[in-house]
Each structure stands twice: as structure tokens, then as C-alpha cells.
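# Observations on the three-dimensional arrangement
Chain by chain, the residues:
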Amino acid sequence: MASVRYVAIGDSFTEGVGDELPDGRVRGWADLVAQGWADASGQPVEYANFAIRGKLVWPIVEQQLEPALALRPTHLSFNGGGNDMLRPRTSVSRIVDAFTHVLRRCDEEGVTLIVLSGANPSAQLPLSRVIQRRGDLLSAAVAARLADRADIIRAFNWPDRELSSPPYWSEDRLHMNSRGHHRVAARVLTALGQEPPADWWSLPPLPPAATRGAAYYREHVGPWVRRRLTGTSSGDGRAPKHGEWFDVPPSAR
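We now turn to the structure provided with this report.

### What to know about the pattern of salt bridges
- Applying the stated rule across the entire model yields 14 salt bridges.
- For Glu66, the salt bridge is made with Arg105, and the minimal N-O distance between the two is 2.8 Å. Taken together, the residues Glu66 in helix α3 (residues 57-70) and Arg105 in helix α5 (residues 92-109) connect sequence positions 39 residues apart.
- Accessibility expressed as a relative area gives 12% for Arg105, which makes it buried.
- A cluster of three or more residues bridged by salt bridges with shared partners is formed by Glu66, Arg104, Arg105, Glu108 and Glu109.

### Brief notes about the environment of Ala119
- Relative to the assigned elements, Ala119 resides in the loop between β4 (112-117) and α6 (128-145).
- Remark: the alpha-carbon pair of Ala119 and His175, spanning 56 residues in sequence, is separated by 8.8 Å.
- Once you skip the residues sitting within four places of it in the chain, Ala119 turns out to touch Phe13, Asn157, Trp158, Leu163, Trp169 and Met176.

### Regarding the sheet that holds strand β5 (residues 153-156)
- Taken in spatial order, the 6 strands line up as β5-β4-β3-β1-β2-β6 in an open sheet, and their pairing is mixed. If you trace the sheet from one side to the other, it starts and ends with β5 and β6 (242-248), each paired once. In this sheet, adjacent strand axes meet at a mean angle of 20° when their direction is disregarded.
- Bridge count between strand β3 (residues 75-78) and β4: 4 bridges; the pairing is parallel. Within β4, the residue paired with Leu76 across the bridge is Leu113.

### Examining the side chain of Asn49
- Assignment of secondary structure puts Asn49 in strand β2 (residues 45-49).
- Within polar-contact distance, the side chain of Asn49 engages the side chain of Tyr47 at 2.9 Å.
- At 2.9 Å, the side chain of Asn49 and the backbone nitrogen of Ala51 are in polar contact.
- Excluding its chain neighbours within four sequence positions, the residues that come into contact with Asn49 are Ala8, Thr14, Glu15, Ala30, Asp31, Pro240, Lys241, His242 and Gly243.

### Overview of the pairing of β3
- Residues of β3 alternate between two faces, with His75 and Ser77 on one and Leu76 and Phe78 on the opposite face, all of them buried.
- Taken together, the 4 bridges between strand β1 (residues 4-9) and β3 define a ladder with parallel strand orientation. The residue bridging Val7 from the neighbouring strand is Leu76, located in β3.

### Some words on the nonpolar core
- With 31 residues, the main nonpolar core has Ile9, Leu76, Phe78, Val102 and Leu113 as its most contacted residues.
- Breaking this core down by element, the ones donating at least two residues are β1, α3, β3, α5, β4 and α6.
- Once residues within four sequence positions are removed from consideration, Ile9 is found in contact with Thr14, Phe50, Ala51, Ile60, Gln64, Leu65, Ala68, Leu76, Ser77, Phe78 and Asn79.

### Details of the packing of aromatic side chains
- Within this structure, the stated rule accounts for 5 aromatic pairs.
- Note on Tyr6 and Trp37: the rings are 6.0 Å apart at their centroids and 55° apart in plane angle, and the pair reads as tilted. Placement of Tyr6 in strand β1 and of Trp37 in helix α2 (residues 29-41) is noted, with a sequence separation of 31 residues between them.
- When its relative accessible area of 0% is taken as the criterion, Tyr6 is described as buried.
- Relative accessible area serves as the criterion here: at 4%, Trp37 is assigned to the buried category.
- Ring pairing ties together the aromatic residues Tyr6, Trp37, Tyr47 and Phe246, which thus form one cluster.
- Directly above the aromatic system of Tyr168 lies the positively charged group of Arg179, at a separation of 4.2 Å from the ring centroid.

### So, the pairing of β4
- Counted residue by residue, β4 has 5 buried out of 6 residues, so it is predominantly covered.
- Here β4 runs beside β5; their pairing, made up of 4 bridges, is parallel. The residue bridging Ser117 from the neighbouring strand is Phe156, located in β5.
- Following the chain from β4 across α6 to the adjacent parallel β5, one finds a crossover that is right-handed.

Conventions we followed
Residues numbered from 1 in each chain as written. Predicted model: local features only at pLDDT ≥ 70, side-chain atom pairs only at ≥ 80, totals over all residues. Heavy atoms only, no water. Salt bridge = Lys/Arg side-chain N within 4 Å of Asp/Glu carboxyl O. Helix = DSSP H or I, 4+ residues; strand = E, 2+ residues; numbered from the N terminus. Buried < 20%, exposed > 50% of the residue type's maximum accessible area, 1.4 Å probe, protein only. Contact = heavy atoms within 4.5 Å. Pairing = 2+ DSSP bridges. Axes fitted to C-alpha atoms, helices over the stretch in contact; angles between N-to-C directions. Polar contact = N/O pair within 3.5 Å; in protein donor to acceptor, adjacent residues only side chain to side chain. Core = buried A, V, L, I, M, F, W, Y, C linked by side-chain atoms within 4.5 Å. Phe/Tyr/Trp six-rings, centres within 6.5 Å; stacked < 30°, edge-to-face > 60°. Lys NZ or Arg CZ within 6 Å of the ring centre and 35° of its normal. Right-handed = clockwise from strand over helix to strand, strands pointing away.

Such coordinate-based values are descriptive only and should not be taken to indicate function.
Here you go:
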């Protein structure tokens, strides 16, 4: 059994949407953290990822937390609330209560909690001021709720202005691209006391997004609005991409 058993729960941010591999699979920062952790430590890491795109924060907790803890991890990462912030009526205190619940269960099971805030997409999105304000409130509220717990691993991405700029975001402007996911992975690894590859903080820029103007609203905003009107989610019917442990060995040097 590996000494590090790392499981991730969350939504599209943690699933890795926006960091698509050539074969169509999504990778994302959590996959990168598992590999980077194994490389930096020189030891294999057991890794699982229950995150599913489109999930609100309490469904993440209700559907993913206990199956993740049942694997008996040493570390669990949690992020949520990004999809809640896009809804018209959002209770920041209720979102923060989910973080408190996850922390309590990790304490009970002896698991080290890694808490992340999502990156800030607001500058590129419709209703940018509303999203910025809600994100600021949520980020501050989570930080305040966890302020007296020095043992929690923190990787707060919302205040990162560089990460908020367009070169780190995919064509839909809501999910980070591969460059963004690498920057988040570098922050998590640093918070864990591991040394990430230096270039992960700012990989070379990708080609700019081709979808602009009316085409952007037709291809990305329109489908999102339809899902809200019909009460559906982009994650409906999806299973976790890594619902059980698999070994991540150090990369060959």
C-alpha cells in the first residue's frame, strides 16, 4: 500500500474539464497533482477522483464524500460552490456549511483535508460583476471558517489575478485550459510541501479561442441556459472517472 492515498471530490474544476487530452479524456489539476506528488517524492501515489461536472456543492458532499472516505485515504481534496454561484439565489453560508461538514468528517476519519478555492473566471463571463462579488464573498467566508485550523492544506486560487486572465481559460470561458490546470496543480503541490516543475506555474500560451461574439453565446451560453431551464446538468448520467484506487508511479527519468 502506498504511503499517500489521495482522493479528490468536486465538480468540473476537479474533474478536469477544459484540460482535454488528444483521446478526449479529461485530465485536470488533480490528475497532475497525483503525478507531480509521485515524481517529487519518488514514491507511488494511490489516486482516486470522484468529481463530476455540473454538481452543486451539497450534492458533491452527499454523493461523493462517503464513497471517497470509504477508500480510507490519507488526503482528500475538496472544492465546490462554483456552480452554486451561477444560480440566481445562492446562500454563501450554506455553501460554507458544506466545507465545515467535509472538515468534520475528515477529522473523524483521520484524513488530511486539502481545501481549494476555484479560479476566478468572472472577467470573461456575462454578469461578471455579480460573479466577482459572490466569489469574493465565498472565498473570504471559507477562509474565515477555516482560519483556526493550521493543519488544513490550503490552495486558494480565486485571488490569483494571473490565473484569472484569458490565456489560462478554455473556449467556453468558464473552465480553465491545460495551462490553468497546471498552475493550480503547482499551487497544490507547493502547499503540500512538494516541488512542482517550475514551468507548471506558467506554461507557454495556447492559441486564442476561436469562438467569439454571437457564436460564443450560441455554442456555450445557450446550452447552459437550456440546462437551467430544464433542470438538467452536464454531469447527469456520468460516473466518476477514477472511482477506485489506481497506482500513479513516479515518471521515468
